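Structural overview for review
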Amino acid sequence: RRSMIVCHCNSITQEALRKAISEGADDFFVYSEKSGIGDDCGTCFYAAHEMFERFLSDKQVQSRRSR
């Protein structure tokens, strides 16, 4: 399955967001500084932020369910 590109300028995909969250990323603004997401043209920033928060929320819900 192919992962949708979130940030074309830096070739960051949905899977990259999910992987970062699974590896402990929990703050979009810190992640965006490290990854460069939204730094070039900026058109992806708000959608990427929303997607990151949704994926983070999904992970937190799954963690609570598995307890």
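All figures in this text were calculated on a predicted structure; none of them were measured in a lab. (Residues numbered from 1 in each chain as written. Predicted model: local features only at pLDDT ≥ 70, side-chain atom pairs only at ≥ 80, totals over all residues. Heavy atoms only, no water.)

Focus on the nonpolar core
Put simply, the test is: Residues enter a nonpolar core if they are buried and are Ala, Val, Leu, Ile, Met, Phe, Trp, Tyr or Cys, with the set joined through side-chain atoms within 4.5 Å. In this scheme, a residue with accessible area under 20% of its type's maximum is buried, one over 50% is exposed, and one in between is partly exposed, where area comes from a 1.4 Å probe on protein chains only. Here a strand is any run of E in DSSP of at least two residues, a helix any run of H or I of at least four, and the numbering for each starts at the N terminus.
Ranked by internal contacts, the top residues of the largest apolar core, which has 16 residues, are Val6, Leu17, Phe28, Tyr31, Ile37 and Phe52. Of all the secondary structure elements, the ones that give two or more residues to this core are strand 1 (5-7), helix 1 (14-22), helix 2 (28-35) and helix 3 (45-65). When residues in this core are grouped by element, the largest group, six residues, is from helix 3.

Here we look at the side chain of Gln14
Quick note on the threshold: Contacts are residue-level and defined by heavy atoms, with any inter-residue pair within 4.5 Å sufficient.
In this structure, Gln14 sits in helix 1. Owing to a relative accessible area of 17%, Gln14 belongs among the buried residues under this scheme. Excluding anything up to four places from it in sequence, Gln14 contacts Ser3, Met4, Val6, Met51 and Phe55.

Details of the confidence of the model for the protein chain
The line we're drawing: Looking at any residue, its pLDDT shows the predictor's confidence there, from 0 to 100.
Overall, the predicted model of the protein chain reaches an average pLDDT of 92, with 97% of residues at or above 70. Confidence scores differ between elements of the protein chain, with helix 3 showing the lowest mean pLDDT of 91 and helix 2 the highest of 96.

Some points on the pattern of salt bridges
The test is simple: Any carboxyl oxygen of Asp or Glu that lies within 4 Å of a side-chain nitrogen of Lys or Arg is treated as forming a salt bridge with it.
Applying the stated rule across the entire model yields two salt bridges. A salt bridge links Glu15 to Arg18; the nearest nitrogen and oxygen atoms lie 3.1 Å apart. Of the two residues, Glu15 and Arg18 both sit in helix 1, three residues apart, roughly one turn of that helix. We classify Glu15 as partly exposed; its relative accessible area is 31%.

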